[in-house]
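An overview of the molecular structure
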Amino acid sequence: MSSSGSLIREARLRAGLSQGDLGQRTGKDRAQIARWERDEVSPPYETVLMLVRACGFDLSSELLPYDESLSERIRDVLPLSPQDRLKRMLQRRAGGGA
Amino acid sequence: MSAREPRPFDPLRILAELERRRVAYVVIGALAGVLHGTDEITDRIDICPQMKEDNLERLQRALEELGGRRGRRKDLVLDEESLLGAPVTAIATDAGEVQIVPQPAGTRGYADVRRGSSREPLGEGVRAPVASVDDLARMMTTLGRRGDEGRLAVLRRLAELERGPGIAR
């Protein structure tokens, strides 16, 4: 799941709008939109939906099974530094993906 | 080379040359995902370069130094017109393939992707600019390729974990 800020930003950029443009479309303050996009403040879900729709998109809200294995896979790699992640990938590549 | 032997891929050599030539670029694609923590395996580097003429000249010189070849063409010419004529330009080098993506899907190009990027230390003094997880997910979402659902789910979970506790269990 993306954060509300990244969803708003993605929708706005994909619509080719500036924060000011989106503010004009929705009657929201440009600075407030910037704070939402930076995830400094989380807007209510209804506000996210309104902003996304103002960009010409919709949000799908459905309940899906939570896949715990995704986090497990990532948690093995996350403690490594980017340098070690690169080394690990190259080693796996040389070993045929093991 | 036997059929089982992987193609040569030395990303550090490629990135070191780009850095040495002071090329303005951001690493995107699967390798950027790997550097953030995905468990993919890739044998190429995707980059989004700044499209200014002098930067493309530096990029061309860096790739020439790496033995860069563009298809069957003998000369390697990287100019704005030819690069913008295709979404992706693949350059084979002695250190592996480099894919040049002037405007990654869902973005407005280099300046847009650079904003969220971070410089990551990768060893041998190389600190490469890498696109943010959110921007990588944005590109993948916009591309909407079948079969990318699992990779996108990993990127999104990674973004949650990077943001800290609260959502991911």
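Parameters and conventions
- Residues numbered from 1 in each chain as written.
- Chains lettered and ligands numbered in written order.
- Predicted model: local features only at pLDDT ≥ 70, side-chain atom pairs only at ≥ 80, totals over all residues.
- Heavy atoms only, no water.
- Domains from an automatic or database assignment.
- pLDDT = per-residue confidence, 0-100.
- Helix = DSSP H or I, 4+ residues; strand = E, 2+ residues; numbered from the N terminus.
- Core = buried A, V, L, I, M, F, W, Y, C linked by side-chain atoms within 4.5 Å.
- Buried < 20%, exposed > 50% of the residue type's maximum accessible area, 1.4 Å probe, protein only.
- Contact = heavy atoms within 4.5 Å.
- Buried area = accessible area lost by both parts, 1.4 Å probe.
- Salt bridge = Lys/Arg side-chain N within 4 Å of Asp/Glu carboxyl O.

**Re the domain arrangement of chain A**
Split by domain assignment, chain A resolves into domain 1 (4-54) and domain 2 (67-98). On a C-alpha basis, the centres of domain 1 of chain A and domain 2 of chain A stand 34 Å from each other.

**Focus on the confidence of the model for chain B**
Residues and elements named next belong to chain B. Across chain B, the average pLDDT comes to 89, with 92% of residues at or above 70. Taken element by element, the predicted model of chain B shows its lowest mean pLDDT in helix 7 (residues 149-163) (85) and its highest in strand 1 (residues 25-28) (98). Among the prediction metrics, the complex's ipTM stands at 0.88, with pTM recorded as 0.81.

**So, the nonpolar core**
Core analysis: the largest hydrophobic core is formed by 54 residues, its most contacted members being B:Leu15, B:Leu18, B:Ile28, B:Leu59, B:Leu63 and B:Ile100. A total of six residues in this core trace back to one element, the largest contributor, which is helix 7 of chain B. Beyond its immediate stretch of four places on either side in the chain, B:Leu63 contacts B:Gly68, B:Leu76, B:Leu78, B:Ile91, B:Thr93, B:Val98 and B:Ile100. Within the second largest apolar cluster, eleven residues are counted, among which are A:Leu22, A:Ile33, A:Trp36 and A:Ala54.

**Here's the deal with the interface of chain A and chain B**
Contacts between chain A and chain B engage 30 residues on the former and 41 residues on the latter. Buried surface at the junction of chain A and chain B, both sides included, amounts to about 3300 Å², of which 56% is carbon and sulfur. The tally of links between chain A and chain B comes to two salt bridges. We note a salt bridge from A:Arg9 to B:Asp112, for which the minimum N-O separation is 3.4 Å.

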